[in-house]
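Architecture and fold: a report
This is what each chain is made of:
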Amino acid sequence: MNLLHLIQAKFRTALTGLVPDPEPYVAMIKAAQDAKHGDYQANCAMALAKALGKKPREIAEDLVNRLQLCDLLEKPEIAGPGFINLRLQSSWLAKTVQSIANDDRLGVEKAQAVKTYVIDYSSPNVAKPLHVGHLRSTIIGDALTRLLRFLGHTVVTDNHLGDWGTQFGILLYGYKNLRNADAYKKDPVRELTRIYLEVRRLIGVEDEDEAVNPIAEACRAETAKLHKGDPENVAIWQDFMPPCLEEIHAIYRKLGVPPFDHEHGESFYNPLLPGVVDSLLEKKVAEPGDGGAIIIRFSENNVALVRKRDGAFTYTTSDLATIQYRLKHFKPQAMLYVVDFRQSQHFANLFEAARRWGVSNVELTHISFGSVLGPDKRPIKTREGGAVELGSLIDEAIQQGRQVVDANSPELPDAERAEVAEAIGIGAVKYADLCQNRTSDYIFSFDKMMAMEGNTGTYMQYAYVRNRGIFRKAAIDPLTLRKNPPAVALDTPYERALALQLLKLEESLLSAVADYQPSAVTAYLWDLAKTYSGFFQNCPVIKAESDAVKQSRLLLCDLTARVLQQCLELLGIKTVERM
Ligand code: ARG
């Protein structure tokens, strides 16, 4: 059920014969910003007037006369120079809302043109604890996956683990020379982190690739040995992997992020890399650079290495192999990379290289996002100045969630409170992230994200709980209501506004996937919550003036709860019955 599409279809018919291509004008129909101007607005008369050499108002009148309003629209009103204000018929809204009450999909249709997407997200570098930087990719990627799947698309999720890069040379060197065997046995990931930081300190410069000192040389030699299949290094590497992966998976479980379809790390593509470089050379995408290196030149000062002087392959080579592999095995129409903005140049180059290499008919999109900031508006750090580990951040969020439920509902049994604390804590973190325009930075604040008022996950969960409370208190089973939906009456503006908002669900989901912006869903939720609150304050439900009105309002309440729950689920956020 897509109100905008229904209205657009009417305009498409009306415009046919008037202009050769109605589509650009059809696209000018939008939801009205202000309810005073109706529900939707068509602003195409001005543009049409230009194209047809007539007066905008005349065109608007002509268009309105050509519209087959049926029972969908009231007679449109023409305002100002030629704005066409559109109002849906309340009786149509009432009937339609009633008709979705018994629909598990709440009126959302599946896409007609089903696509296959590969989404590359989370993709941490293995052998270092996940830190706050991995939060955004993981939850934005998960939300987009859920949204696209709900709309009927096929999504292949792939965690492109950094399990092969230069950090392994550092780790191998450290493992051989600086390892504390007991500590490694007890907590391998922590010991590896310590080793990693220690070797980095010894190397002394930011970019270990550039460093000229014996330790940096030794680390590079270890990486090269690993990549060439040296048995000792491969064995140590294989020993690193399971505990590192388990640590990462434990975080996904805590966050409620389902397992990935694939976790082909960079190492997976290693055998393909020589072939990739040969093919790049053969197709003249790549060329020899200084000292035996192989490069792809994008412009005078923008060059990507695909093979270093020492023969080592790069992140770019491995990403090109990945594209080739995904095309062959998943045959996607789109490949999305949820990776932070600092890699914009890498992806711009990568996509350009892929195109030159012959990759066509597939969308390649870098879904970039900004940083998580601390209260000082600088990228968030621990008190000691280190990266904030994701594991401890999640634990802290759950603790904060615990405070909310303890203050609100101390009477709940312990086990339930633990579950609620988790839902609140993790839900708040996810919502606070997803409600941002993803390209912006945001300041991380537990107090703000767990506020019971305003556009927060906690508030949305609470709106759901209060709504369910109505049914519990009145001992009404919502399932009965759904099976036999009562007639809906939209006699007050509050009820009408709520029905309209409920029917805009599909529109909001489509706009979220069109721009890969989960914030379209949170914006929708926020509007829904406000509309519901207006309804709830002005329209008594249990004490309605008649049973018919009561049943109608109960149905609106139930649908609101279900839409809230559905949207939160699509964002990866749990709802609870009490909190
Ligand atoms: N491992 C990389 C990092 O942590 C991100 C990988 C993103 N995916 C990709 N195909 N390049 O920076």
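This report concerns the structure included in the present document. Given the structure is predicted, the values throughout are model-derived calculations rather than measurements.

Now for the overall build of the protein. On a plain count of helices and strands, the protein comes out with 23 helices and 13 strands. Expressed along its principal axes, the backbone C-alpha trace of the protein runs to roughly 85 × 70 × 40 Å. When each of the 579 residues of the protein is scored for burial, the buried share is 54%. Put simply, 71% of the contacts in the protein that link residues at least 6 apart link residues at least 24 apart. Within the structure as shown, the protein displays about 26,200 Å² of accessible surface, and the carbon and sulfur contribution to it stands at 51%. Charge-centre separation for the protein: the mean point of 68 positive side chains lies 3 Å from the mean point of 73 negative side chains.

Right, let's get into the sheet that holds strand β10 (residues 334-338). The strands that make up a sheet are held in pairs by hydrogen bonds between backbone atoms, and each pair lies either parallel or antiparallel. On the basis of which strands lie adjacent, the open sheet formed by four strands has the order β6-β5-β10-β11 and parallel pairing. Each edge of the open sheet is held by one strand with a lone partner, namely β6 (154-158) and β11 (363-367). The average angle at which neighbouring strand axes cross in this sheet is 20°, direction not considered. Across four bridges, the pairing between strand β5 (residues 116-120) and β10 is parallel. When the sheet's bridge partners are listed, D120 is paired in β10 with Y337. Taken strand by strand, helix α14 (residues 344-356) contacts β10 and β11, and its axis lies near 175° from that of β11.

What follows is about the pattern of salt bridges. Counted according to the given criterion, the structure contains 33 salt bridges. For R297, the salt bridge is made with E287, and the minimal N-O distance between the two is 3.9 Å. Residue R297 is found in strand β8 (residues 294-299), and its partner E287 is found in strand β7 (residues 287-288); the two are separated by ten residues along the sequence. Overall, R297 belongs to the partly exposed group, its relative accessible area being 37%. Measuring nitrogen to oxygen at the nearest pair gives 2.9 Å for the salt bridge that ties E495 to R553. Of this pair, E495 sits in helix α20 (residues 493-502) while R553 sits in helix α23 (residues 547-570), and the two are 58 residues apart along the sequence. Exposure remark for R553: the relative accessible area of 4% places this residue in the buried category.

If you walk through the whole model with that rule in mind, you get 17 aromatic pairs. Between W164 and W237, the ring centres sit 5.2 Å apart and the planes meet at 85°, which makes this aromatic pair edge-to-face. Of this pair, W164 sits in the loop between β6 and α7 (167-178) while W237 sits in helix α11 (residues 231-255), and the two are 73 residues apart along the sequence. For the residue pair W164 and W237, the accessibility class agrees, reading buried in each case. Aromatic pair Y269 and Y325: ring centres 5.7 Å apart, planes at 80°, arrangement edge-to-face. With a gap of 56 residues between them, Y269 in the loop between α11 and α12 (273-282) and Y325 in helix α13 (residues 315-330) connect regions that are remote in the sequence.

Bringing the state of the cysteines into the picture now. Scanning all chains against the criterion turns up zero disulfides. Of the cysteine sulfurs around C435, a residue in no disulfide, the closest is that of C567, at 14 Å. Note on C567: relative accessible area 0%, which makes it buried.

This paragraph deals with the environment of Q89. Checked against the element boundaries, Q89 lands in the loop between β4 (83-86) and α5 (90-100). Residue Q89 is classed as partly exposed on the basis of its relative accessible area, which comes to 22%. The spatial distance from the C-alpha of Q89 to the C-alpha of L69 is 9.7 Å, given a sequence separation of 20 residues. Once residues within four sequence positions are removed from consideration, Q89 is found in contact with C70, D71, L72, L73 and E74.

This brings us to α12. Of the positions making up α12, those classed as buried are L273, V276, V277, S279 and L280. Each buried residue of α12 sits inside an arc of 165° when the element is viewed along its axis, so together they form one side. Those residues of α12 hidden inside the fold are in contact with β8, β9 (302-307) and α13. Phi turns positive, to about 60°, at K284, one or two residues after α12.

Taken in spatial order, the three strands make up an open sheet running β7-β8-β9, and their pairing is antiparallel. Of all strands in the sheet, those bounded by a partner on one side alone are β7 and β9.

In the neighbourhood of the ligand, the contacting residues comprise D120, S123, N125, H160, Y315, D319, Y337, V339, Q343 and F347. In this structure, N125 approaches the ligand through a side-chain N or O atom, which is 2.8 Å from a nitrogen atom. Within the complex, the protein chains bury 88% of what would otherwise be the 350 Å² of accessible surface of the ligand. For the shell around the ligand, a count of residues per class yields four nonpolar, four polar and two charged.

A few words on the nonpolar core. Counting 162 residues, the largest nonpolar core has F11 and L88 as the members making the most contacts within it. Looking at which element gives the most residues to this core, the answer is α23, with eleven residues. Grouped together as the second largest cluster of nonpolar side chains are 31 residues, F330, M335, F351 and L364 included.

We now examine the environment of L130. Checked against the element boundaries, L130 lands in the loop between β5 and α6 (133-150). Along the backbone, L130 and E247 are 117 residues apart, and their C-alpha atoms lie at a distance of 8.7 Å. Sequence-distant contacts of L130, defined by excluding residues within four places in its chain, comprise P124, I248, I251, Y252, E389 and L390.

Viewed as axis vectors pointing N to C, helix α15 (residues 390-408) and helix α16 (residues 414-434) meet at an angle of 120°, and their least axial separation amounts to 7 Å. Considered as vectors, α15 and α16 are oriented oblique to each other. The handedness of the crossing between α15 and α16 comes out as right-handed. In contact with I394, A397, I398, G401, R402, V404, V405 and D406 of α15, α16 contributes D414, R417, A418, V420, A421, E422, I424, G425, I426 and V429. A per-class count over the contact of α15 with α16 returns eleven nonpolar, two polar and five charged.

Rules behind the numbers
- Residues numbered from 1 in each chain as written.
- Predicted model: local features only at pLDDT ≥ 70, side-chain atom pairs only at ≥ 80, totals over all residues.
- Heavy atoms only, no water.
- Helix = DSSP H or I, 4+ residues; strand = E, 2+ residues; numbered from the N terminus.
- Buried < 20%, exposed > 50% of the residue type's maximum accessible area, 1.4 Å probe, protein only.
- Contact = heavy atoms within 4.5 Å.
- Areas by Shrake-Rupley, 256 points an atom, 1.4 Å probe, with all protein chains shown as cover.
- Lys, Arg positive; Asp, Glu negative; His and termini not counted.
- Charge placed at Lys NZ, Arg CZ, Asp CG, Glu CD.
- Pairing = 2+ DSSP bridges.
- Axes fitted to C-alpha atoms, helices over the stretch in contact; angles between N-to-C directions.
- Salt bridge = Lys/Arg side-chain N within 4 Å of Asp/Glu carboxyl O.
- Phe/Tyr/Trp six-rings, centres within 6.5 Å; stacked < 30°, edge-to-face > 60°.
- Disulfide = S-S within 2.5 Å.
- Arc of directions from axis to C-beta.
- Near = heavy atom within 4 Å.
- Polar contact = N/O pair within 3.5 Å; in protein donor to acceptor, adjacent residues only side chain to side chain.
- Nonpolar A, V, L, I, M, F, W, Y, C, P; charged D, E, K, R; others polar.
- Core = buried A, V, L, I, M, F, W, Y, C linked by side-chain atoms within 4.5 Å.
- Parallel < 35°, antiparallel > 145°, perpendicular 65-115°, else oblique.
- Left-handed = near helix turned anticlockwise from the far one by under 90°.

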